[in-house]
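Summary of the model geometry
One letter stands for each residue in the lines below.
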Amino acid sequence: MTGCLAANDWICPEYVTSRAGELADATAQHLWITGVSVLLGLAVAFPLALLVRARPGFAGPVLGLTTVLYAVPSLAMFSLLLPVFGLSAALVVTGLVLYSLTILVRNILAGLAAVPAETREAARGMGYGTGRLLWEVELPLALPAVLAGVRMATVSTVALTTVGALVDYGGLGTLITDGLRSFFKAQVLTASVLCVLLAVTADVLLLGVQRLLTPWTRATRRRAPAPAREGRPGGGPRPEGGSRQRGGIGGVGKGG
């Protein structure tokens, strides 16, 4: 080793060039675990949200359970899942799916609850059944809240994936952990920066998808009417008594 690698500097371009393949593999694993976890989380959260909406009595148990799962420390979560999945990527993915449920279920419920009641009634009046009403009316209108939840869950999952380094399936987190053990400064800093960039990039991309799929939210903001101002359009004060007084109705306008 020569240069910044030999000096064990924090910022070391030589490390990036010489370990590019290792960094790419770790980044790919990080992206794969994050993507699969969020997609599976959505697949589980959506039916749970529909169950809670159809049977409000399940709201307490479902929301309470997802909140408790989110509060479990990651080390304890992975340890509880270890007898079932062993030291595998499935262990990490399952833990991340459970962590994502509290965000996704609540945001799906919030989005569906925000659909105006008159919109539902109008759709029913046009002959929409329950399934068609959900897929063609309610879900499109609930997309802003749902996608906001997906963004939060994705950024959270990018961060939590690093904990998978405990079982050697942590993507960039594995590089960070190995670098801390050997005090390899360049590896720790580079992997940490890449992890932050992944989170920011994912959030920006999902924000772009959200804006693309919900153009009416921007149109509504642009068309919002300005608050009415008292007085005349020119901004001057309104004459007391109004225009009718000048016609003499009040006994003031006529001479005599």
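Residues numbered from 1 in each chain as written. Predicted model: local features only at pLDDT ≥ 70, side-chain atom pairs only at ≥ 80, totals over all residues. Heavy atoms only, no water.

Within the largest apolar cluster, 33 residues are counted, with the highest numbers of intra-cluster contacts made by Ala-45, Met-77, Val-92, Val-105, Ile-108, Leu-109 and Leu-112. Looking at this core, the elements that each hand over two or more residues are helix H3 (20-54), helix H4 (59-71), helix H5 (74-85), helix H6 (89-113) and helix H8 (130-161). For Leu-109, the residues in contact, after removing those within four places along its chain, are Ala-49, Val-52, Arg-53 and Leu-63. Cys-4, Tyr-15, Val-158 and Leu-198 belong to the second largest nonpolar core, which has 16 residues in total. (Core = buried A, V, L, I, M, F, W, Y, C linked by side-chain atoms within 4.5 Å. Buried < 20%, exposed > 50% of the residue type's maximum accessible area, 1.4 Å probe, protein only. Helix = DSSP H or I, 4+ residues; strand = E, 2+ residues; numbered from the N terminus. Contact = heavy atoms within 4.5 Å.)

Next up on the list: the pattern of salt bridges. Following the criterion strictly, the structure yields 7 salt bridges and no others. A salt bridge links Glu-121 to Arg-124; its shortest N-O distance comes to 3.1 Å. Note that Glu-121 and Arg-124 are positioned in helix H7 (residues 117-125) at a spacing of 3 residues, about one turn of the helix. Three or more residues joined by partner-sharing salt bridges are found here, namely Arg-53, Arg-120 and Glu-138. (Salt bridge = Lys/Arg side-chain N within 4 Å of Asp/Glu carboxyl O.)

Our next topic: helix H10 (residues 185-213). In an α-helix, one full turn covers 3.6 residues, which means residues spaced three or four apart are oriented alike. The terminal C-alpha atoms of H10 lie 42 Å apart, and with 29 residues this matches the ideal 42 Å at 1.5 Å per residue to within 8%. For H10, every residue scored as buried is listed here: Ala-186, Gln-187, Val-188, Thr-190, Ala-191, Cys-195, Leu-198, Ala-199, Ala-202 and Gln-210. In the core, the buried residues of H10 are packed alongside helix H2 (13-18), H3, H8 and helix H9 (172-182). (Expected span 1.5 Å × (residues − 1).)

For the rest of this paragraph, the subject is the state of the cysteines. In a disulfide, the sulfur atoms of two cysteines are held together by a covalent bond. Under the definition given, this model contains 1 disulfide. Residue Cys-4 pairs covalently with Cys-12 via a disulfide, S to S 2.0 Å. When the S-S torsion is 65°, as for the bridge of Cys-4 with Cys-12, the disulfide is right-handed. The exposure classification of Cys-4 matches that of Cys-12, with both residues buried. (Disulfide = S-S within 2.5 Å.)

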